[in-house]
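Listed here are the chains, written in short residue letters.
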Amino acid sequence: MAKSDRISDMAEPMFRTPKGTHDVLPEDHQYMTYIKKAVRHRCRQAGYRRIDPPIFENRAIFERGIGQHTDIVSKELFLVSGKHTEGEDQEKSMQLALRPEFTAGICRSYVEHGMQQLPQPVELYAIGQCFRYDRPQKGRYRQFHQVDLEVIGLKDPSLDAQLIHVCMNIFKDLQIADRLTLQLNNIGSSDNRKAFVVALKDFFIGKERHLPEIDLRRLEGNPLRLLDSKEADTQILLKSAPTLDQFIDEESKVYHATLIEYLQELEIPFTSNVGLVRGLDYYGQTVFEFWDGSSGAQNAVGGGGRYDGLIELFGGAPTPGVGAAFGIERMIWHMKQAGVKAPNKDQVDVFVAQLGPDAKKMCLRLISALRESGVHTIGALGEASLKSQMRLADKFGARFTLLLGQMEVKEGKIILRDMAAGKQKTVAFDKAVPEVLELLGAKDLDTYSLTDQLGNVVDSGE
Ligand code: AMP
């Protein structure tokens, strides 16, 4: 069916994706696969191993870890109601929530599986969907994909620097590093922040009526969030308010200065941003974000920081950790903006057209032999005429077509057509596979195999 026919025939779909979600269509999967490859490659180089925590967890993991008063928990947690049964079961399942990010689940897993027994630090990475029940807008979805990196069990500024370096290398591989700026801050210890919050609250006594409603609520629940408020009135008031950096202790200052030395050693440019706090409770000391160079924080591609108290919150021994997460949809957006084309391996190399039951049967073996040899092959699709099969081959963008009519079956031959050149020749049926292989050349063959060495399973490209 021609594209124009399809559009005019298209009725209003009966169902659409739920608000804030989208299908990852094959065109975008090219980007996604490419991003995952870059992540896997850089993570493996740096000793990270992959982990997949469940998509939903006990909601207390997020409430406790990320914080009751954060936007992510107070407004955006996607609760799972589970089974439709009366009574206790349903009540239990009501305690579940879809993961809004990975860090809390990974720390739960670290404790649950006794990973403190492993050589430290434990470096883990995850790739997958996250969910936030936010108002959907450009670059902000209810279901999106994150890449997440965590380094748990040791504390040293060189670990923070190396983590940021791995992220930067991923952005470089994807050719979007130049579009991003690394924003860096140190938000001190939790005592430092407590003292600052007391001072900040004192400062706002009597000034409440000048604060917009949203920031008034932040002042009560999560005062640190005032610092990255987008409200103009709040920003004006903050100019004369105490600043967090006045409350940072000596240890944090030394830690930060050392981190900066290491970043300079690794030639990673950054912007010091004393207003950067990140929205999650578990962060302490190092925090960072990768901002869009043009639009700033609004469309940050990623961020992260140190969370030295989180594992303890989940019942583990005091264990330091540092992590980073970035959004795949936003990376894809940047790649497209930068004109980066993700390599596409979905091309059809050969279309096999046939006529008649004998030919069709023989084609099944031929198609299989071509595929086994690494040739992307489709064909033997129906009972259409040879002419319409040729048209279909053209629409699929096949480089070559193999045609097997009744006459060719009798003669043990097959027609091989070069679609771009519009030229064809007849070859012996038995020689069809080697002929195609020679024409395609070894570099285009998809000879990927699940077991490259005895018992050694290669990852699946997911
Ligand atoms: P956060 O930890 O909230 O800073 O999230 C890390 C990254 O995940 C962000 O910088 C975005 O790239 C991505 N992200 C977070 N929330 C969303 C969302 N609702 N839709 C799309 N991407 C998101």
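Residues numbered from 1 in each chain as written. Predicted model: local features only at pLDDT ≥ 70, side-chain atom pairs only at ≥ 80, totals over all residues. Heavy atoms only, no water.

A few points about the overall build of the chain
The test is simple: Helix numbers and strand numbers start at the N terminus; a helix is a DSSP run of H or I with at least 4 residues, a strand a run of E with at least 2. Radius of gyration: C-alpha atoms only; globule rule: 2.2 Å multiplied by the number of residues to the exponent 0.38. Per-residue accessibility, obtained with a 1.4 Å probe over protein chains only, is compared with the maximum for each type, and a residue is labelled buried under 20%, exposed over 50%, and partly exposed between these values.
Helices and strands together make up the secondary structure of the chain, namely 17 helices and 18 strands. Since a compact globule built from 462 residues should have a radius of gyration of about 23 Å, the 28 Å found for the chain marks it as more spread out than a globular shape. On the principal axes, the C-alpha backbone points of the chain span a range of 95 × 50 × 50 Å. With 462 residues in all, the chain has 46% of them scored as buried.

Quick look at the pattern of salt bridges
Heads up, the rule is: In what follows, salt bridge is the name for a side-chain nitrogen of Lys or Arg lying within 4 Å of a carboxyl oxygen of Asp or Glu.
Following the criterion strictly, the structure yields 17 salt bridges and no others. Put simply, Asp308 and Lys155 hold a salt bridge, and the shortest N to O gap is 2.9 Å. In this pair, Asp308 sits in the loop between β10 (302-306) and α12 (310-313) while Lys155 sits in the loop between β6 (143-152) and α7 (157-173), placing the two residues 153 residues apart along the sequence. Exposure remark for Lys155: the relative accessible area of 32% places this residue in the partly exposed category. The residue Arg306 makes a salt bridge to Asp160 at a minimum N-O spacing of 2.7 Å. Placement of Arg306 in strand β10 and of Asp160 in helix α7 is noted, with a sequence separation of 146 residues between them. Summarising the burial analysis for this pair, Arg306 and Asp160 share the class buried. Through salt bridges that share partners, Lys155, Asp160, Arg306 and Asp308 make up one connected network.

Some points on the site of the ligand
Here is the rule we go by: Throughout, near means a residue has at least one heavy atom within 4 Å of the molecule or strand. Distance and chemistry together define a polar contact, namely a pair of N or O atoms within 3.5 Å, with one atom able to donate a hydrogen and the other to accept it when in protein, and with adjacent residues in sequence counting only for side-chain atoms on both sides. Per-residue and other accessible areas follow the Shrake-Rupley method at a 1.4 Å probe size, with only the shown protein chains counted as cover for residues. As a working rule, the residues Ala, Val, Leu, Ile, Met, Phe, Trp, Tyr, Cys and Pro are called nonpolar, Asp, Glu, Lys and Arg charged, and the rest polar, with Gly in that last group.
By nearness alone, 13 residues border the ligand, and Arg132, Tyr141, Arg278, Ala300 and Val301 come closest of all. Here an oxygen atom of the ligand and a side-chain polar atom of Arg278 are 2.8 Å apart. Backbone polar atom of Val301 to an oxygen atom of the ligand: 2.8 Å apart, as the coordinates give it. Here the ligand loses 92% of its free accessible area of 470 Å² to cover by the protein chains. Every element with two or more residues in the shell around the ligand is listed here: β6 and β11 (321-327). Considering only residue class, the shell around the ligand consists of five nonpolar, four polar and four charged.

Topic: the environment of Arg417
Stated precisely, the cut-off is as follows: Should any heavy atoms of two residues lie within 4.5 Å, those residues are considered in contact.
Considering the arrangement of structural elements, one finds Arg417 in strand β15 (residues 413-418). Classification of Arg417 as partly exposed rests on a relative accessible area of 22%. For Arg417 and Thr401, which are 16 residues apart along the polypeptide, the C-alpha to C-alpha distance reads 5.1 Å. Beyond its immediate chain neighbours, meaning those up to four positions away, Arg417 contacts Met390, Arg399, Phe400, Thr401, Leu403, Gly422, Lys423 and Gln424.

Considering the sheet that holds strand β14 (residues 400-404)
Think of a sheet as strands paired side by side through backbone hydrogen bonds, with each pair either parallel or antiparallel. Spelled out, the test is: Here a strand pair is declared whenever DSSP counts at least two bridges between the two strands. Where helices are involved, their axes are fitted lines through C-alpha atoms of the stretch in contact, as for all axes, and angles between N-to-C directions lie from 0 to 180°.
With mixed pairing, five strands are arranged side by side in an open sheet as β13-β12-β14-β15-β16. Here the strands that pair on one side only, and so sit at the sheet edges, are β13 (377-379) and β16 (423-428). With direction set aside, neighbouring strand axes in the sheet form an average angle of 25°. The pairing of strand β12 (residues 350-354) with β13 spans three bridges and is classified as parallel. Paired with Phe351 across the strands is Ile378, a residue of β13. This element, helix α14 (residues 357-372), spans β12, β13, β14 and β15 of the sheet and lies at about 170° to β12. In the packing of helix α15 (residues 386-395) onto the sheet, contacts are made with β12, β14 and β15, and the angle to β12 comes to roughly 170°.

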